[in-house]
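# A closer look at the structure
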Amino acid sequence: MTSPGPAPGDMLLPPAMVEDPSPLRVSTFAKPEYARLTFTYGKVKDPSATWPVHCKHFQVRFRTGRQAAALTSEPRLIRHELTVPPGKRQWTVDRDDRDPNEVIFTCSPPPDEPAAFDGSWSVQLELTGIEVNGSPSPVSIDWEESTSATGKDGPYIERTGRGEVSKRDDSFYLHSLRPATVAINRGTKATLHWEGTPNADYTMYYRAPDGSQQASEAKEGVWESPVTLLDDTTFTLEAKMGSETRYLTTNVKVNNPDIVVNKVTANGAVDAKDTVTVAANKTLTANGPIQANDTVTVAANKTFTANGPVQANDTVTVKAGKTLTAHGPIQANDTVTVKAGKTLTAHGPIQANDAVTIAAGKTLTANGPIKAMQEVIVDPGPSGRYGLRTTQIWAFDGTSGGTVAFKSKTSAEQEVTLRNSLIAKGSVKFETALFSARPTRSNYSKSTRKPRESSKWTMTATKDGFLVVEAASFEWFSSDEKHGRKHRIYVQAPGITYYFDLVAHGAKTRQRSQGIFGNMSVPVAKGSSVSVWISDIDDVASADGNVEMNICWYSLGA
């Protein structure tokens, strides 16, 4: 990118500036980013000037530090190179970084020999190794020249101009796709939110009411479905940036949905609030209980088959000449009446929550166990009244091992309490994040004071979670020293103190590429107090000014 020139009447020889990369990329803790700036001076003149233009010097200056308006916090790492055409007198470059908030590069021809620019030649200043700081923002580049428009003998005037470069965060991240509400009413639209890179392209995929897959553009972290929803729908968010693609998926429940399927198999209870109709030549099969709050009608010459218990909250009527057959238990919360001359046959247990009465001269036959919540009364015989009581039932399937097998998904709407361990033979999935996506951070740069033994960083955990400590040492020493600089990072939790060391070996500089890095993750229970501090342990008097430290708290739950 070539910067715009100054306004007419400012500089006589405005430089052309090229940034690489364009725009510049900000550095992160794990990956520093470097920039190159090239300035070409003397090739182009301001329209108000005439050739030749004489110059005693020109300057390039910009702000330094960690703030957004600064370009770099490491001005001493910048390398410079000035190129002068063959046959021209050699120039010098002077760096001034005494001010911690600014660095100045001054380019000058030999003293008392001003350069005469006539448009046929130029000088080029190249600045490399510029470690871009971590704050995205535009940055001003200021220029100054000492030039004469009237000849070698002057007068020379200090003229100024300005250019600009842009720092951008190109890191690619995508997380926290979630609906505004997890359940919506039938015939309304769903709204989804997410956190993601602003520079990525987003597309939301979803199932339309007709069953087809549809795609819709998404942006700015919020999306509303173009159509109303009639049943539960899954949404997949696609994010693309450059050659990289990422996906997130979430689901929205629809209250009172429209459901159309070719086959329904229920391994658990089926609860119908209205009539359940099975088309001709079709079969309704339930491997678990069926609960109907209204009439269930089976057409003539059709069979109602249940492989699990059938629960009726009112009378169950079997027409003359027809048979009610159950291969599993029948549970009645009220009286079950079998007409004269008819037989109630169960190949599994029958459960009654009230008295079961068999008329005189009639027989109750069960080929499996009978469980009664009250006494079972048998008509008086020769020995009078008989009472039968059941003391224990082992499990849902009646086996002594007590194992209950569910063939399909099981949903518990109340708290589930386990008196023993949870054993999962497949993966265990969680609908919400176990740990906070964005941690609470305490950051200490090289230029700030770190917590020491006398000033520990402390925290009391409001939830269960993990404390992650990251540190990097950029200490250096001469090659004749016999030992490396060592810092020790302590993490103190109830009952135990953890630590890790940052030890330099060999002659080092303070450049990021030669730092010593370390990290530690410590589990912390709710209500526990935890402390973090740093110390020098090598008997060498020094501060910790060249150590960076990040303290991150990830709590349990989003």
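None of these values were measured; they are calculated from a predicted model.

On to the overall build of the protein. If you tally the helices and strands in the protein, you get zero helices and 41 strands. For the protein, the residues scored as buried account for 34% of the 558 residues in total.

Now for the pattern of salt bridges. Evaluated as defined, the whole model comprises 19 salt bridges. Note that Arg61 is salt-bridged to Glu144, the shortest N-O span being 3.9 Å. Taken as a pair, Arg61 in strand β4 (residues 53–63) and Glu144 in strand β10 (residues 137–148) lie far apart in primary sequence, 83 residues in all. By relative accessible area, Glu144 is classed as buried at 18%. Here Arg186 ties to Asp258 by a salt bridge, and the two come within 2.8 Å at their closest N and O atoms. One end of the pair, Arg186, is in the loop between β13 (183–185) and β14 (191–196); the other, Asp258, is in the loop between β19 (244–255) and β20 (265–266), and 72 residues separate them in sequence. Within the structure, one salt-bridge network assembled from shared partners comprises Arg25, Lys31 and Glu33.

Moving on, we come to the side chain of Ser137. Along the chain, Ser137 falls in strand β10. Owing to a relative accessible area of 18%, Ser137 belongs among the buried residues under this scheme. Setting aside chain neighbours within four positions, we find Ser137 in contact with Ala68, Val165, Ser166 and Lys167.

Applying the stated criterion to the full structure yields twelve aromatic pairs. The structure contains a cluster of three or more aromatic residues connected by ring pairs, namely Tyr41, Phe58, Trp91, Phe117 and Trp121. Between Lys56 and the ring centre of Tyr156, over which it is positioned, the NZ or CZ distance is 4.5 Å. Over the face of the ring belonging to Trp533 we find Lys456, whose NZ or CZ atom lies 4.1 Å from the ring centre.

Right, let's talk about the nonpolar core for a bit. In summary, soluble globular proteins display a tendency toward joint burial of nonpolar side chains. Of all hydrophobic cores here, the largest spans 35 residues; its most connected members are Phe39, Phe62, Trp91, Phe117, Val123 and Ile141. Of all the secondary structure elements, the ones that give two or more residues to this core are β3 (34–41), β4, β7 (102–108), β8 (115–117), β9 (123–131) and β10. Looking at this core, the element that brings in the most residues is β4, giving five residues. Other than its neighbours up to four places away in sequence, Phe117 contacts Leu13, Tyr41, Gly42, Trp51, Pro52, Val53, Cys55, Trp91, Ser122 and Val123.

Let us look at the sheet that holds strand β37 (residues 486–493). Read across the open sheet, the four strands follow the order β35-β40-β37-β38; overall the sheet is antiparallel. This sheet does not close on itself; its edge strands, each paired only once, are β35 (457–460) and β38 (496–503). Within this sheet the neighbouring strands show an average axis-to-axis angle of 15 degrees, counted without direction. Where β37 and β38 come together, eight bridges link them in antiparallel fashion.

Before going further, it helps to examine the sheet that holds β3. A sheet is described by the order of its strands in space; here four strands give the open sequence β1-β3-β9-β5, paired in antiparallel fashion. Because the sheet does not close on itself, it has two edges, and the strands there are β1 (16–20) and β5 (79–83). Within the sheet, the average angular offset between the axes of one strand and its neighbour, ignoring direction, is 15 degrees. The pairing of β3 with β9 spans seven bridges and is classified as antiparallel. Its bridge partner lying in β9, Ala35 is registered against Ile130.

Attention now moves to the pairing of strand β18 (residues 233–241). Sheet topology note: the strand β15 (residues 201–207)/β18 ladder contains six bridges and is antiparallel. Bridge pairing in β18 links Met204 to Leu237. When β18 meets β19, the two strands line up antiparallel, connected through nine bridges. When the bridges of β19 are listed, Leu237 appears paired with Leu248. Hairpin connection between β18 and β19: a loop of two residues separates the two successive antiparallel strands, and Gly242 in this loop has a positive phi of roughly 65 degrees.

In low-pLDDT regions, the fine details of the predicted coordinates are not to be read closely. The predicted model of the protein has a mean per-residue pLDDT of 82, with 78% of residues at 70 or higher. Throughout residues 1–9 the model reports pLDDT below 50, and contacts reaching past four residues in sequence, or to other chains, amount to 23 contacts. Note that residues 385–396 has pLDDT below 50 and, in this model, 22 contacts with residues that lie over four places away or in other chains.

Taken as a whole and judged by the stated rule, the model has zero disulfides. Note on Cys55: no disulfide assigned, nearest cysteine sulfur contributed by Cys107 at a separation of 9.3 Å.

Below, the discussion takes up unusual backbone geometry. Each neighbour pair has its own omega, and for Asp20 with Pro21 the value is 0 degrees, a cis peptide bond. Along the chain, Pro21 falls in the loop between β1 and β2 (24–25). Pro52 follows Trp51 through a cis peptide bond whose omega is -10 degrees. Turning to its location among the elements, Pro52 is positioned in the loop between β3 and β4. Despite not being glycine, Asp112 has its phi angle at roughly 65 degrees, a positive value. In this structure, Asp112 sits in the loop between β7 and β8. With a phi angle near 55 degrees, Asn256 is a residue other than glycine that sits in the positive phi range. Here Asn256 shows up in the loop between β19 and β20.

Rules of the game
- Residues numbered from 1 in each chain as written.
- Predicted model: local features only at pLDDT ≥ 70, side-chain atom pairs only at ≥ 80, totals over all residues.
- Heavy atoms only, no water.
- Helix = DSSP H or I, 4+ residues; strand = E, 2+ residues; numbered from the N terminus.
- Buried < 20%, exposed > 50% of the residue type's maximum accessible area, 1.4 Å probe, protein only.
- Salt bridge = Lys/Arg side-chain N within 4 Å of Asp/Glu carboxyl O.
- Contact = heavy atoms within 4.5 Å.
- Phe/Tyr/Trp six-rings, centres within 6.5 Å; stacked < 30°, edge-to-face > 60°.
- Lys NZ or Arg CZ within 6 Å of the ring centre and 35° of its normal.
- Core = buried A, V, L, I, M, F, W, Y, C linked by side-chain atoms within 4.5 Å.
- Pairing = 2+ DSSP bridges.
- Axes fitted to C-alpha atoms, helices over the stretch in contact; angles between N-to-C directions.
- pLDDT = per-residue confidence, 0-100.
- Disulfide = S-S within 2.5 Å.

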